[in-house]
Amino acid sequence: MTLSPARVPATGVRRLTTTLYGYAFLDDLVLLYPVYALLFADTGLPLWQISSLFALWSITAVVLEVPSGAWADTVSRRRLLWIGPLLTAVGFTLWVSVPSYGAFAVGFILWGAGGALGSGALEALVYDELERLGSAERYARVMGRTRAARLLATVVAMGLAGPVLALGGYEAVGAASVLACLLAAVTATRLPEHRVPAEKGSTRWAATLRAGAAEARGDRAVRGALLLVPAVAAVWGALDEYVSLLIRDLGVADETVPYLVLLVWAIVTVGSLFAGPAERLGTRGLAALIAGAALALAVGAGVRTPAGIVLVGLAFAGFQLAEVLADVRLQHRIDDARRATLTSVASLGTELVTVAVFGVYTLLGASLAHSTVFVILSLPYLVTALVLGRGGGARNESPGDRPRTQ
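In this report, the structure presented in the accompanying data block is examined. What you see is a predicted model; the values in this text were computed from it and never measured.

## Here's the deal with helix H14 (residues 306-333)
Working step 1: Here H14 contains 28 residues, and its C-alpha end-to-end distance of 42 Å stays within 8% of the 40 Å for a straight helix at 1.5 Å per residue.
Working step 2: Of all the 28 residues making up H14, 23 are buried; the element is thus mostly covered by neighbouring parts of the structure.

In structure tokens:
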């Protein structure tokens, strides 16, 4: 049977998205997420050593983010996407087989390296494959659902970690996490990749990195899109680490805290599914979305009641949508040959700002309630919304409006 031209792209998109969603779910189905801090403490690590491990994780991501993105523009992106989970699996194996500060440190380095390999490479592969199929306009919807798959996996991991820990201890939780990583690696090998080989002389890593930096410097639209990603993603990405502390300060019972945290992430997961329709908002609509989410965050945290946590969840859902749309704007503006490089530059900016937010939160939290700190940290979003709204522009640039690399 001969497939019609319309049928061929539909089949290709279905194969891409089905594999992508499965990969994203398995990549975040890590049962160690909610209990690794307990593992460190039960091993006998003091607080300063635990904090240093988190810092090492962030530093690894910062150091490797851009170089790995440039690498993804010179080699198979699919290959990097299956190597990353394997590195993480090795790290988790070390954690539960020889628990010690050294093993935890090596594990975080491997986990950070694995994440850096996938950052930029995944977005670039998905966008290029959709563009090849004539479906680049679906990118926002596809990536929104990919985020939803990751969030769903996190929620499932939170739900399973307790029972698995009770049944088999940290060894069982670690084994389940390693298995998820291995399955993610296998799934990544099934991702389609049809890349045109770069011209001879242009495949060198350093040359790609220099070309990406030149594009960012020389194109104001690219530079603005690069800055928007961390402006939207960093603050709420740091605040989510403190949601459980915010909830506990409300005076609810400790056993209620996990359920309210799950409520927040359930709202965020559902919100991710609206990324496709939200793309029609345009620049001023995106600014309004960010401003509305900032107000919801401030009010939700400020009222200091369990009902306010629903508003915090809605705020996070709005920021998640805005983060996807910021990525869409970036992908529409950058050149195909340097897509992973510049996406990683944006991720690097997010990592750096996130680390800075952690520092600010620590300083403010020393003398202020968590609810007050949340309210204060909603203000940068109002500034971002104001700057974005003043920039104008009724609609986001479409894929066909930018030049293609021949």
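## Comments concerning the nonpolar core
Working step 1: Core analysis: the biggest nonpolar cluster contains 79 residues, and Phe316, Phe319 and Phe374 have the highest contact counts within it.
Working step 2: Broken down by element, the residue count for this core peaks at twelve residues, all from H14.
Working step 3: For Phe316, the contacting residues outside a window of four places in its chain are Trp236, Leu239, Asp240, Val243, Val264, Val268, Leu297 and Phe374.

## Points about helix H13 (residues 282-302)
Note that an α-helix has 3.6 residues per turn; residues three or four places apart therefore point the same way.
Working step 1: The end-to-end C-alpha distance of H13 is 30 Å, a good match for the 30 Å that 21 residues give at a rise of 1.5 Å each.
Working step 2: Those residues of H13 lying buried are Gly282, Thr283, Gly285, Leu286, Ala287, Ile290, Ala293, Ala294, Ala296, Leu297, Gly300 and Ala301.
Working step 3: Of the surrounding secondary structure, the elements contacted by the buried residues of H13 are helix H9 (220-239), H14, helix H16 (370-376) and helix H17 (379-391).

## A short note on the pattern of salt bridges
Working step 1: In the structure shown here, the tally under the stated rule is five salt bridges.
Working step 2: Notably, a salt bridge pairs Asp128 with Arg77, separated by 2.6 Å at the nearest N-O pair. Taken together, the positions of Asp128 in helix H6 (residues 121-132) and Arg77 in helix H4 (residues 77-97) put the pair 51 residues apart, joining distant regions of the chain.
Working step 3: Look at Asp128 and you get buried, because its relative accessible area is 17%.
Working step 4: A salt bridge links Arg147 to Glu323, with the shortest nitrogen-to-oxygen separation between them at 3.3 Å.

## What to know about the packing of aromatic side chains
Working step 1: Scanning all chains against the criterion turns up 25 aromatic pairs.
Working step 2: Geometrically, the ring pair formed by Tyr242 and Phe358 is edge-to-face, given 6.2 Å between the ring centres and 65° between the ring planes. Of this pair, Tyr242 sits in the loop between H9 and helix H10 (243-248) while Phe358 sits in helix H15 (residues 339-365), and the two are 116 residues apart along the sequence.
Working step 3: Through pairs of rings, three or more aromatic residues link up here, namely Tyr33, Tyr36, Phe40, Trp57, Phe92, Trp95, Phe104, Phe108 and Trp111.

Procedures and definitions
- Residues numbered from 1 in each chain as written.
- Predicted model: local features only at pLDDT ≥ 70, side-chain atom pairs only at ≥ 80, totals over all residues.
- Heavy atoms only, no water.
- Helix = DSSP H or I, 4+ residues; strand = E, 2+ residues; numbered from the N terminus.
- Expected span 1.5 Å × (residues − 1).
- Buried < 20%, exposed > 50% of the residue type's maximum accessible area, 1.4 Å probe, protein only.
- Core = buried A, V, L, I, M, F, W, Y, C linked by side-chain atoms within 4.5 Å.
- Contact = heavy atoms within 4.5 Å.
- Salt bridge = Lys/Arg side-chain N within 4 Å of Asp/Glu carboxyl O.
- Phe/Tyr/Trp six-rings, centres within 6.5 Å; stacked < 30°, edge-to-face > 60°.

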